[in-house]
Amino acid sequence: MMAATLIKKELIMNVLTRGIRNAFRNVIRTFSLVVILGLSVGLSLAMLVAYQAVGKKIDSVKSSVGNTVSVSPAGVRGFEGGGNALTETQLMSVSKLAHVSSVTETLSDRLTTSNTNLVSAVEAGSLGQRNAGNSGQSFSFQGGGMPPGGAGDTIGNSNSTGTVTRTFTPPVTVVGTTNPSASAQGGTFTLKSGKTFASDSSDNVALLGTSLAAKNNLTVGSTFTAYGTTITVAGIFDSGSTFGNNQLIMPLKTVQTLSAQAGAITSATVNVDSITNVESVTTAAKKALGTAADVTNAAAQAETTIAPLENIQTISLYSLIGAVAAGAIIILLTMIMIVRERRREIGVLKAIGASNLKIMYQFMAEAITLTLLGSVVGIVIGVVAGNPITKLLVNNSTNSTTTQMGMRAGRSFERGAGRGFGGLQNSVTNIHGAVGWSIILYGLAAAIIIALVGSALASFFIAKIRPAEVMRAE
Amino acid sequence: MLQVTNLKRSFKSGDTTVTAVNDISFTVPNGQFASIVGRSGSGKSTLLSLLGALDKPTSGSISVDGKDITKLHDHALIAYRCEKIGFIFQGYNLVPNLTAVENVMLPMEFAGLAKAQRLERALSLLKQVGFSDDQMDRKPGKLSGGQQQRVAIARALANKPKLILADEPTGNLDSTTGKMIFDLLHDLARSENTTIIAVTHDLEIAGKTDTTFRLDDGKLAKGSQKGKA
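Residues numbered from 1 in each chain as written. Chains lettered and ligands numbered in written order. Predicted model: local features only at pLDDT ≥ 70, side-chain atom pairs only at ≥ 80, totals over all residues. Heavy atoms only, no water.

Colleague: It is not clear to me how the packing of aromatic side chains should be interpreted in this structure. Could you clarify?
Modeller: The geometry of an aromatic ring pair comes down to the distance between the two centres and the angle between the two planes. For the coordinates displayed, the defined rule picks out five aromatic pairs over all chains. A ring pair is formed by A:Phe189 and A:Phe237, whose centres lie 5.1 Å apart and whose planes are at 25°; its orientation type is stacked. Of the two residues, A:Phe189 sits in the loop between strand 6 (172-177) and strand 7 (190-194) while A:Phe237 sits in strand 10 (residues 229-238), which places them 48 residues apart along the sequence. Each member of the pair, A:Phe189 as well as A:Phe237, is classed as buried. Residues B:Phe33 and B:Phe182 carry aromatic rings whose centres are separated by 5.1 Å and whose planes lie at 35° to one another, so their mutual orientation is tilted. (Phe/Tyr/Trp six-rings, centres within 6.5 Å; stacked < 30°, edge-to-face > 60°. Helix = DSSP H or I, 4+ residues; strand = E, 2+ residues; numbered from the N terminus. Buried < 20%, exposed > 50% of the residue type's maximum accessible area, 1.4 Å probe, protein only.)

Colleague: Which parts of the structure should I look at to understand the side chain of A:Asp109?
Modeller: All names here are of chain A. Along the chain, Asp109 turns up in strand 5 (residues 100-111). One buried charged residue, Asp109, forms no salt bridge at all, with the nearest opposite charge on Arg110 at 7.3 Å. Polar contacts involving the side chain of Asp109 include one to the side chain of Tyr227, which spans 2.7 Å. (Lys, Arg positive; Asp, Glu negative; His and termini not counted. Salt bridge = Lys/Arg side-chain N within 4 Å of Asp/Glu carboxyl O. Polar contact = N/O pair within 3.5 Å; in protein donor to acceptor, adjacent residues only side chain to side chain.)

Colleague: Sorry, what's going on with helix 3 (residues 100-111) of chain B here?
Modeller: Because each turn of an α-helix spans 3.6 residues, side chains separated by three or four positions end up pointing in the same direction. In terms of burial, helix 3 of chain B is largely enclosed, as 10 of its 12 residues are buried. For helix 3 of chain B, the full list of buried residues reads B:Ala100, B:Val101, B:Asn103, B:Val104, B:Met105, B:Leu106, B:Pro107, B:Met108, B:Glu109 and B:Phe110.

Colleague: What am I meant to see in the packing of helix 5 (residues 145-157) of chain B against helix 6 (residues 175-191) of chain B here?
Modeller: When two helices pack together, their arrangement is given by the angle between the helix axes and by the axis-to-axis distance. All names here are of chain B. Viewed as axis vectors pointing N to C, helix 5 and helix 6 meet at an angle of 15°, and their least axial separation amounts to 10 Å. One finds that helix 5 runs roughly parallel with respect to helix 6. In the packing of helix 5 onto helix 6, the handedness of the crossing is right-handed. Side by side, helix 5 and helix 6 meet where Gly146, Gln149, Arg150, Ile153 and Leu157 of the first sit next to Thr177, Met180, Ile181, Leu184, Leu185 and Leu188 of the second. Considering only residue class, the contact of helix 5 with helix 6 consists of seven nonpolar, three polar and one charged. (Axes fitted to C-alpha atoms, helices over the stretch in contact; angles between N-to-C directions. Parallel < 35°, antiparallel > 145°, perpendicular 65-115°, else oblique. Left-handed = near helix turned anticlockwise from the far one by under 90°. Contact = heavy atoms within 4.5 Å. Nonpolar A, V, L, I, M, F, W, Y, C, P; charged D, E, K, R; others polar.)

Right, dumping it as structure tokens:
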């Protein structure tokens, strides 16, 4: 019993060893085949690496963009443009849409020396002075509302003939919001001291940016005047940007009441439950709000960023399939060639008592040996070339769009949507492809499958060879 | 005992049918050395293929020790070729990347013998056909034609077959070597009690065999069988 299994094992071993030895019968052919297969396997691996690296990057870009939709009144960007504010009623219809998890509503306003004792922490500078020129001849002051174009009453104006001299003091921006931590301009919100307020609060409280608080010597619990009302400092925050730290964040209801803009909303950020639903929510919100609002999402912008990456992914996928197919065809044709070349030998083996199956195993062992040798060469090529190829692909096709997108992102004034876009742009090209163990295992598995497929057709020819062929005269 | 009855094999070549072996009947007792002679194209090789179960006849039967091999299934045919038949070819047909001893071991491997037994028998067979120890590990490319044919004979004898079929075994050899190979075959047929059927052109060799069959256009020529049958 023991001896029988030993013999059986030994017999299989012999078929295999013969197959492996046969792989080296023609050294030049084996060498060429291994090199060609190596190139094909190496290219496959490099493409697999590129495919995975780019795929990972696409995922991270998608998740970094976030799942938000921005809503602002039609025709308005920040304090530029014109049009009418949105109403809470209008946004109620948006918050009731499917897949909407929450809506942050804000009302932005500017405080000038006419209605606050706060002094801006930002100097006008040359950019600020531009506002002095274009501030509002065509506007007229309306009761405690927004002063024209943000120009304060330090505008030394007048209607007198002669030279008009204007000076400009940057206003303090006040943001009335239902979600204070998501409303600071600049990307981050860190509460330095104090506490925030509830989303539905209507108290006369405010969160101050660090520089604004410092400029006005305010700490938590201090008071200041705005809209002719005494406001208490509830907390001080750091937004990470100079502009943001000059901001004042107050409850939405308070700002609406104090600025006499009841129910008015100047911007809203809609949080969607999943990134895949951003597009459908955007469409639904556009439908719900009609021409009253501009509805945008960062996903559309991310799409432009991702598009070249997706092209690379497609290219690498096709190259991967192509390289694997080429490898399969090479081994297939080689095996057919080898079988045809050894017709007589196969005939002899059959004549002296070998079964078709044993001969097939022998040829499979030969094919697998050749393919594995090719894979080893290919893995070396893949390890060496994987990362450079990925970088080359990504750099070549994203360079043009990066500059384009950078400009667009810079212009974007929207809170939330435009946030972190510069960083996103930088990271798109920062892709690292590497050959990991899993990829090498995939490669080897693919090689063995290729070898088996390659020798399958050859086996068909083996089975068809009749032993009588040996008897033919040479 | 080998008994061939009304054996016929025809091939279709385009519209015409060629009958290579046409209604042949003969018997060869065990341990005899029979030769088949005839012009080329007379059907010698086809007859040999049929006897070795390499090819199937159109009609007729071949009975080896009372068993009709034309009725065997593929699997049984492999076993028949493996255990009952030894082949010797004109072109030796050794496996070029295996050594002499490995070539002789090959049929025993297919028959399922353990490695130690295979090696032992292969070495003794090679000694029997006149190989020295240092030649046994040579590959066919390093052996002369006569030596290669000796390896082929040793390989044919490996599984102690009932029947050895030789197709022009001396055809590629010079006359001296050819004669030596023939004598070797003759001796082995006697010592191992194996029936040998050899196709040959060489009438001198044919004349020394126990029986000679003359084939002419696929038919057995009259009076070709002589000797002790």
